[in-house]
Structure formats: structure tokens, C-alpha cells
Amino acid sequence: MKEKNRFSVLLEHLTSMANLKNYTIAKAVQYDESYISKWISGKLLPAEKNHEIIFQNISECIVNSLNPDTIPMFLQEYQVRNLQDLQFAIYDNLESEYSYVKELRSSTGSEVASKISYYPELTLDQFIFKMKHPSLRKVQSLNIYAMVDILNIDLNYQMMITELNGLHNDRGLVLPGVHFSLMINLDTPNLSSTYITSFLTNVLSNLSNIDFDLYCGSQAQKKLVFAIKDIYSISGMLVDQSHCLSVTTIEDSSLSTELYHKIRLLCNKESLLIRKTTIENMIRNHEYEHSLFAQNSSSILGHFTEHFLPDDLYEELFNKYSSIFNNLKPETLKRLHTITAQLLRCSSVKIILYASVFNDFIVSSELDFYGFRIQLTPEQRLRYIKHVDELRQNNEQLDLKVLPNGILSDYQHIPRPTLFHSQDFSYLRFARNTPEYNVCIPNKIILNQIFDEFFTELWNSDTCVSADSLITHSILSIEILQPETSKN
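What comes next is a walk through the structure. Within each chain, residue numbers correspond to sequence positions counted from 1 in written order. Selection of residues for local features in this predicted model requires a pLDDT of at least 70, selection of side-chain atom pairs for listing and counting requires 80 or more, and totals for whole chains, interfaces and linings are taken over all residues. Side-chain descriptors were evaluated using all non-hydrogen atoms of the structure, hydrogens and water having been removed beforehand.

### Here we look at the overall build of the protein chain
And step 1. Each helix corresponds to a stretch of at least 4 residues labelled H or I by DSSP, and each strand to a stretch of at least 2 residues labelled E; elements are numbered beginning at the N terminus. For the protein chain, the helix and strand inventory stands at 19 helices and 17 strands.
And step 2. Using C-alpha atoms as the atom set, the radius of gyration is obtained and then compared with a globule rule of 2.2 Å times the number of residues to the power 0.38. The C-alpha radius of gyration computed for the protein chain amounts to 26 Å, which stays within 12% of the reference 23 Å derived for 488 residues, consistent with globular compactness.
And step 3. Principal-axis analysis of the C-alpha atoms places the extent of the protein chain at approximately 80 × 50 × 40 Å.
And step 4. Residues count as neighbours in contact if any of their non-hydrogen atoms are within 4.5 Å of one another. For the protein chain, restricting intrachain contacts to residue pairs at least 6 apart in sequence, the fraction spanning at least 24 positions comes to 78%.
And step 5. Calculation of accessible area relied on Shrake-Rupley with a 1.4 Å probe; when residues are assessed, cover is drawn exclusively from the protein chains displayed. Roughly 21,800 Å² of accessible area belongs to the protein chain as shown, and the carbon and sulfur atoms make up 49% of that amount.
And step 6. Of the charged side chains in the protein chain, 43 are positive and 57 negative; the average position of the first set lies 5 Å away from that of the second. For the purpose of counting charges, residues Lys and Arg are taken to be positive, whereas Asp and Glu are taken to be negative. His and the chain ends are not included. In this description, the location of a charge corresponds to atom NZ of lysine, CZ of arginine, CG of aspartate or CD of glutamate.

Below is the structure:
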């Protein structure tokens with residue numbers, strides 16, 4: 001029996017899950033029922049010129065046919081929260097499988113991929129198209145290991161690889177079933193610490209809602225290897241920033257999994273570049289306290305945190321939100337706040353804030369409170385900003401600068417992380433409401449050195465400006481939101 005193409009397999013799977021008859025779909029897309037049968041059997045594909053409206057109608061038809069028994073199944077399968085997102089996810093899945101089959105037909109003459117295919121040379125555009133296999137839409141359970149010399153490829157392709165279509169269509173979702181481990185090569189003498197740090201922190205931030213691990217090793221040099229467990233793999237040799245040679249794709253489950261496990265062996269504790277944790281674990285392990293007392297403290301703030309709370313506001317928020325810290329003693333948190341407040345009053349600290357931090361805080365009212373995103377009232381926001389202003393005015397050793405724009409313009413759409421850096425200890429906090437993925441600690445001395453060079457370069461550059469005008473503007477803006485405050 002002839003093997004069906006991936007689009008046909010998906011369409012049959014969706015209609016079966018939704019208990020949809022062919023004639024119901026035919027009515028929705030305004031085609032004869034015989035066409036639906038041929039699409040499902042693999043004898044025919046929807047016409048190129050009409051495929052978008054056909055997929056829109058099919059996805060709408062599927063969602064409209066669901067009942068209380070089938071809705072949870074679909075929401076779980078696509079890891080979405082509502083039917084509107086589900087309809088988009090189904091459309092996206094149909095589109096990706098259709099495009100995959102069409103490309104196969106164009107490049108090989110067949111709609112079903114060979115178990116092993118070989119390409120003497122591909123551009124990175126072509127490689128990435130093949131790398132973004134339709135199976136990446138299966139966000140309920142996905143296991144990926146990759147070795148990519150990503151810092152030595154053209155900038156336009158770096159985010160195309162790390163975005164990995166389908167892993168996180170909705171940035172508000174946490175996808176614990178998606179496991180992605182990436183090994184990179186850090187031996188890049190032609191790149192500045194600013195570039196490397198900007199790229200790594202933005203990638204970590206962008207993928208912080210999945211189970212993402214980052215490794216480094218010379219094995220990744222000139223490599224492009226990508227393996228999805230039980231599904232698919234692709235590998236090639238990088239020859240320059242936009243071309244690769246000897247590309248092999250594997251659709252065979254056992255062979256792909258064999259490559260997956262070979263890469264997995266290289267991604268061990270010795271090659272782990274960052275260690276993931278939570279603020280709660282940092283406090284229990286005294287790492288949070290360690291970061292406070294570390295020498296030569298500095299930070300780059302992508303969002304406001306609990307560090308800069310005045311005592312009275314801290315007490316208010318603690319009384320309201322302390323229940324979220326199940327495994328921490330109240331006196332522990334209060335002691336840490338007391339230490340933090342005292343250090344900010346008298347110690348030497350260098351702080352760089354993204355200009356967007358103030359704008360986001362004014363509008364969204366969100367504060368990162370020990371890794372949890374909480375909402376402040378306009379009056380509370382005003383007290384917070386005024387306290388930041390008082391700290392810098394009363395402590396000459398506390399130096400604030402503002403970074404008007406992102407360090408690299410290519411990553412403006414990514415939520416900016418916060419880096420707490422010192423001579424002894426560093427860690428990253430991400431601007432997401434996902435505490436279980438929110439913190440990364442460098443696991444390699446080399447990464448801490450890169451962070452140190454990065455901060456020094458940025459601090460001494462002409463890019464950073466005084467915080468005076470932005471703080472004044474922020475206070476005035478919040479007073480507009482809280483009219484009664486401005487009268488006092």
C-alpha cells in the first residue's frame with residue numbers, strides 16, 4: 001500500500017479526533033466530498049492558489065464541531081488556552097505540513113520523504129527550511145538535541161534557528177513538554193563580548209518558556225546538526241556564514257534517535273554553559289545573599305525587581321504575596337530585604353537600565369517580586385520610582401545610567417532580561433511569568449568573563465546616558481495616573 005504524505009496523515013488525524021465526516025468538511029470548504037477523500041487518502045493535494053482559504057475553513061470547521069469532550073483533547077494537543085488560539089494553531093499545522101509536502105514534491109519528485117536524503121550543498125535558507133520540520137508543531141512532547149556553530153553564521157540566520165517555529169507561538173505559554181538542548185562554539189575571536197552576550201541573553205530570554213539548555217564545546221565548530229528524537233534529523237558542515245556542504249536528512253525514527261543520543265552524550269555537566277534555577281532555590285542555597293555581598297556589583301536591568309523597594313512598600317507587598325513562597329520562612333525574606341536596602345544606601349553599585357524599563361513599568365505596572373510578576377497600583381509605582389531616585393541622590397557610589405535602545409537592534413521584539421553581575425557571582429532573570437524557568441546562572445568561568453567585558457564595554461561607551469530626565473519623566477507620568485498623589 002502506498003505510503004501517505006504527512007499532510008494527509010495530519011488531516012485524517014484531525015478529522016478523526018473531532019469525529020468529523022468528510023461531507024461536513026466538504027460543505028465548509030465548498031468542495032465536492034470526493035476531493036476531501038482524496039486529500040485524506042493522499043491521492044491529491046489542495047490547489048496552491050486556494051490552499052490558504054481551504055485551511056482557514058477546515059480549521060474553523062474543526063473548532064466549531066468540538067464539544068465538551070473533545071475540546072480538552074485539542075487544547076492539550078496544541079498546548080493553547082482558548083478556541084481562537086486553537087483555530088490558528090490547527091491552521092498553522094496544516095500549512096506547515098502542506099508546505100513540507102509541496103517542497104518535497106518540488107525537490108525530489110515525491111510527496112513522501114525518503115528515509116535518508118543527501119544534498120551536496122545548500123544555502124542556509126534551504127537548510128533552515130528543512131530544519132524546521134513540521135513535527136516542531138507538536139509542542140505537547142518534543143525532544144531536541146542540536147550542535148550548531150551559531151555565532152559563526154550570518155546574523156539573519158541566528159534567530160531563524162533559535163526561534164524554531166512551533167516551539168512557542170504564544171509567548172505567554174509555558175511548554176514544559178518541549179525539551180531543547182543546544183551546543184554552540186564559543187571560540188569566536190572575531191566577535192566582541194557585547195555581541196556574544198547580547199545574542200546569548202536574548203536567546204535564553206526568548207526560549208525561557210520551554211525547557212531549554214545551552215552547552216558549549218569545540219565539537220560544534222563548523223557543525224549544523226539537529227535531531228528530533230523518534231522523528232527527524234538533519235546535519236551538514238558549515239563552509240561560510242551562509243552555506244553548508246554534505247547535508248543529510250533522516251526521516252527514519254531509529255536512525256534519527258541514534259544521532260539524537262550521540263549528541264546527548266556530548267551535552268553533559270562539563271559542557272553545560274548555564275545552570276537553571278529559581279529565585280526560591282537561590283535563597284535556600286544562599287546564592288541570592290552571595291550576589292548581594294559580591295565584589296564590584298553591577299547590573300543591567302531589563303525590568304524592575306524587588307531590590308529597589310522602600311521599606312513600607314516592601315511590607316505591603318510581602319503581606320499580600322508571601323503565600324506564594326511556600327518553602328521560605330518569612331523572616332528570611334525580610335532579612336534579605338533589610339540587607340539589600342542597607343547595601344543600596346552605602347555600597348558602590350553600577351546600574352544600567354533599559355529606557356523601556358520605565359515605560360513598561362508605567363504602563364504595565366508589573367514588578368518582578370522574587371521571580372513572580374505582580375501588579376502595583378499607580379500610588380505604589382510612584383513610591384517605587386521616587387525611592388530609586390532617592391537612593392541615587394543619597395548614595396554617591398550608586399551610579400545609574402540609561403540605555404536608550406537595545407544593544408542589538410535585531411532583537412527589539414524579545415523581552416529584555418536582567419543581568420546581575422559581579423566579580424564573584426552572576427545570574428540572569430527573565431521578564432516572564434514563569435518562575436520555574438526564570439533564572440540562569442553561568443556554569444562556566446568563560447561566560448562570566450564575557451559578561452564582565454560586556455558590562456565594562458557598555459558602561460564606558462557613549463551609548464549610555466544619564467538617568468535624570470527619564471526618572472523625572474516617569475514620576476510625572478505616574479502622577480498623572482494618580483492625580484491625588486500630585487496634590488500632596
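Let us keep going from here.
### Observations concerning the sheet that holds strand β14 (residues 418-421)
And step 1. Whether two strands pair comes down to DSSP finding at least two bridges between them. The eight strands lie next to each other as β8-β16-β15-β14-β9-β10-β13-β17, forming an open sheet whose pairing is mixed. On the outer flanks of this sheet lie β8 (274-277) and β17 (465-466), each paired with one strand and no other.
And step 2. Across two bridges, the pairing between strand β13 (residues 398-403) and β17 is antiparallel. By the bridge assignment for β17, Lys401 is matched with Ser466.

### Some thoughts on the sheet that holds strand β7 (residues 243-250)
And step 1. Taken together, seven strands build an open sheet; the order of strands is β1-β7-β6-β5-β2-β3-β4 and the sheet is mixed. Only two strands of the sheet have a single partner each, and these edge strands are β1 (116-123) and β4 (210-216). Recorded for the sheet is a direction-independent mean angle of 10° between the axes of neighbouring strands.
And step 2. In this structure, strand β3 (residues 175-184) lies alongside β4, joined through seven bridges in parallel fashion. By the bridge assignment for β4, Leu182 is matched with Leu214.
And step 3. Structural elements are reduced to axes, namely lines fitted to C-alpha atoms, with helices fitted over the stretch in contact, and the angle between N-to-C directions of any two is expressed from 0 to 180 degrees. Contacting β1, β5 (223-228), β6 (232-240) and β7, helix α7 (residues 124-131) crosses the sheet at an angle of about 145° to β1.
And step 4. Relative to strand β2 (residues 142-148), helix α10 (residues 253-266) is tilted by about 65°, and along the sheet it contacts β1, β2, β3, β5, β6 and β7.

### Thoughts on the packing of aromatic side chains
And step 1. Put simply, two rings from Phe, Tyr or Trp (the six-membered ring, in Trp's case) pair if the centres are within 6.5 Å, and we call them stacked under 30 degrees between planes, edge-to-face over 60, tilted for the rest. Tallied over the full model, the rule gives 24 aromatic pairs.
And step 2. Aromatic pair Phe369 and Tyr370: ring centres 5.0 Å apart, planes at 65°, arrangement edge-to-face. Neither residue differs from the other here; Phe369 and Tyr370 are each classed as buried.
And step 3. Clustering of aromatic rings is evident, with ring pairs tying together Tyr288, Tyr314, Phe318, Tyr321, Phe325, Phe369, Tyr370 and Phe372.
And step 4. Our definition puts a charge over a ring when NZ of Lys or CZ of Arg is within 6 Å of the ring centre and also within 35 degrees of the ring normal. Cation over ring: Arg6 sits above Tyr100, and NZ or CZ is 5.8 Å from the ring centre.
And step 5. In this structure, Lys401 is placed above the aromatic ring of Trp459, and the distance from its NZ or CZ to the ring centre is 4.3 Å. Relative accessible area decides the class of each residue, using a 1.4 Å probe on protein chains only: under 20% of the type maximum gives buried, over 50% gives exposed, and in between gives partly exposed.

### Comments concerning helix α2 (residues 22-29)
Quick reminder: α-helices carry 3.6 residues per turn. Residues three or four places apart thus point the same way.
And step 1. Listed in full, the buried residues belonging to α2 are Ile25, Ala26 and Val29. Buried residues of α2, seen end-on, are gathered within an arc of 105° and therefore sit on one face of the element. α2 presents Tyr23 and Lys27 as exposed residues on the side facing more than 90 degrees away from its buried surface.
And step 2. Following α2 by one or two positions, Gln30 has its phi on the positive side, about 60°. Throughout, the arc means that of the directions going from the helix axis to the C-beta atoms.

### Focus: the environment of Leu204
And step 1. Relative to the helices and strands, Leu204 is located in helix α9 (residues 193-206).
And step 2. Note on Leu204: relative accessible area 5%, which makes it buried.
And step 3. C-alpha separation for the pair Leu204 and Leu317, spaced 113 residues apart in sequence, amounts to 29 Å.

### Let's talk about the pattern of salt bridges
And step 1. We define a salt bridge as a side-chain nitrogen of Lys or Arg found within 4 Å of a carboxyl oxygen belonging to Asp or Glu. In this structure the tally under the stated criterion is 23 salt bridges.
And step 2. Here Asp389 makes a salt bridge to Arg392, at a shortest N to O gap of 2.9 Å. Placement of the pair is Asp389 and Arg392 together in helix α16 (residues 378-394), with a separation of three residues, close to one helical turn. As far as the burial class goes, Asp389 and Arg392 line up, both buried.

### Description of the environment of Ile352
And step 1. For Ile352, the position within the fold is in strand β10 (residues 349-354).
And step 2. Remark: the alpha-carbon pair of Ile352 and Trp459, spanning 107 residues in sequence, is separated by 7.7 Å.
And step 3. Once you skip the residues sitting within four places of it in the chain, Ile352 turns out to touch Ser299, Ile300, Leu301, Lys401, Leu403, Phe455, Leu458, Trp459 and Cys464.

### Some thoughts on unusual backbone geometry
And step 1. Positive phi outside glycine occurs at Gln30, with the angle close to 60°.
And step 2. Turning to its location among the elements, Gln30 is positioned in the loop between α2 and α3 (33-41).
And step 3. On the basis of relative accessible area, Gln30 is assigned to the exposed category, the value being 73%.
And step 4. The phi torsion at Tyr370 lies on the positive side, around 55°, for a residue other than glycine.
And step 5. Position of Tyr370 relative to the elements: it lies in the loop between β11 (366-369) and β12 (372-375).

### Notes on empty space enclosed by the protein
And step 1. Using protein atoms alone on a 1 Å grid, points that fit a 1.4 Å probe yet trap it form a cavity, whereas open point sets bounded by protein on both sides within 12 Å along at least five of seven lines form a pocket; residues with an atom within 4 Å of a point count as lining. Grid points are joined across faces, edges and corners, and a volume is the space filled by probe spheres set on the points. Within the structure shown, the criterion is met by seven cavities of 30 Å³ or more.
And step 2. Its boundaries defined by the atoms lining it, the second largest cavity holds a volume of some 100 Å³.
And step 3. Every residue lining the second largest cavity is listed: Tyr100, Glu103, Leu104, Ala113, Ser114, Ser117, Tyr119, Phe129, Lys130, Tyr232, Thr249 and Glu251.
And step 4. Counting residues per element, the ones that place at least two in the lining of the second largest cavity are α6 (83-108), β1 and α7.
And step 5. When residues of the lining of the second largest cavity are assigned to their parent elements, the largest contribution, three residues, is made by α6.

### Re a nonpolar patch on the surface
And step 1. Patch membership requires more than 30% relative accessible area and the absence of a salt bridge. Residues of like charge join within 9 Å; the nonpolar side chains Val, Leu, Ile, Met, Phe, Trp and Tyr join within 5 Å. Residues Met237, Val239 and Leu245 make up a contiguous nonpolar surface patch of about 220 Å² in total accessible area.
And step 2. Structurally, Met237 can be placed in strand β6.
And step 3. Classification of Met237 by relative accessible area gives partly exposed; the value is 37%.

### Quick notes on the environment of Ser117
And step 1. With respect to the helices and strands, Ser117 occurs in strand β1.
And step 2. Expressed as a C-alpha distance, the spacing of Ser117 and Leu182, which sit 65 residues apart in the sequence, is 24 Å.
And step 3. Here Ser117 is in contact with Val247, Thr248 and Thr249, once residues within four sequence places are set aside.

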